[in-house]
Amino acid sequence: MSAQAARSVGAAQAVSILRAPTPQAWVEAAVSRLPELLLDHANCESKAASSALALMFAYAEDRPLALALARLAREELRHFEQVVRAMSALGVGFARQRPGRYAQQLRRALRSSDPGRKLDLLLAAALIEARSAERFQLLAPRMPAPLARLYQDLGTSEARHFELYSGFARGVAPAEWQARLGELAAREAELVTTPDRTLRFHSGPLHCGHHS
Ligand SMILES: [Fe+2]
Ligand SMILES: [Fe+2]
């Protein structure tokens, strides 16, 4: 299998666990509001690094997980640098944004103590990575030159991160992980398909009445 074919198999596996595809209306809004999308995207990359570190601290006794997360966090910080550089190249300046509903609402569906919390955190991270991989794939062909290639590469990385997180989830709860993934995937799908107030990398499509 060629390297490119291997990459698209990885991305297809990540996308296949999602319960609903991204609505086309979200793709169109994202393409037409690139500065807004990029600002949130840069933020998502640094949040991904920060969440990985938080998980590392929370389960420091799990050394294989800690090592995998240390590497993953470095990769996410590198993504952050790449997005910020692409923004500079496109003349998109920094602006502060209010966070969207996705991460906060998804977190509410997770169990807050163990047993259960570790599995839920791993599965939520796996779902976020899978959704990111799906959206990078959808956006890559619609992006201007410096971003098209970057988004294609990021789609591959996030699909690999999906596999990493879901692999650890399987190890933590071999009997339970699949059913729980299904429950959280249903919530995740709802969050990216129902009308949303703000455009964000993981938002739903915008409300019809949205004019700002
Ligand atoms: Fe990333
Ligand atoms: Fe990632």
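Structure: see above.
Reference entry: report on the structure contained in this document. (Residues numbered from 1 in each chain as written. Chains lettered and ligands numbered in written order. Predicted model: local features only at pLDDT ≥ 70, side-chain atom pairs only at ≥ 80, totals over all residues. Heavy atoms only, no water.)

1. A closer look at the packing of aromatic side chains
Overall, the coordinates contain three aromatic pairs when judged by the stated rule. Taking 6.1 Å as the distance between ring centres and 80° as the angle between the ring planes, the aromatic pair formed by Trp26 and Phe201 counts as edge-to-face. Here the residue Trp26 occupies a position in helix H2 (residues 24-32), and Phe201 occupies one in the segment after helix H8 (177-193), the gap between them amounting to 175 residues. Summarising the burial analysis for this pair, Trp26 and Phe201 share the class buried. (Phe/Tyr/Trp six-rings, centres within 6.5 Å; stacked < 30°, edge-to-face > 60°. Helix = DSSP H or I, 4+ residues; strand = E, 2+ residues; numbered from the N terminus. Buried < 20%, exposed > 50% of the residue type's maximum accessible area, 1.4 Å probe, protein only.)

2. Here we look at the coordination of the iron ion (ligand 1)
Each donor-metal-donor angle in an ideal tetrahedron of four donors is 109.5 degrees, and each such angle in an ideal octahedron of six donors is either 90 or 180 degrees. Here the iron ion (ligand 1) is held by Glu45 (OE), Glu76 (OE), His79 (ND1) and Glu158 (OE), and the distances to it run 2.0 to 2.2 Å. What the four donor atoms of the iron ion (ligand 1) show is an angle range of 92 to 139° at the metal, which sorts the shape as irregular. Summarised as a motif, the one-chain spacing of the donors to the iron ion (ligand 1) is E-x30-E-x2-H-x78-E. Separating the iron ion (ligand 1) from the iron ion (ligand 2) is a gap of 3.6 Å, which Glu76 spans by donating to each of them. In this pair, Glu76 sits in helix H4 (residues 63-89) while Glu158 sits in helix H7 (residues 145-172), placing the two residues 82 residues apart along the sequence. Judged by relative accessible area, which is 2%, Glu158 ranks as buried. (Donors = N, O, S within 2.8 Å, 3.2 Å for Na, K, Ca; no water. Tetrahedral: all angles 85-135°; square planar, octahedral: opposite > 155°, others 65-115°.)

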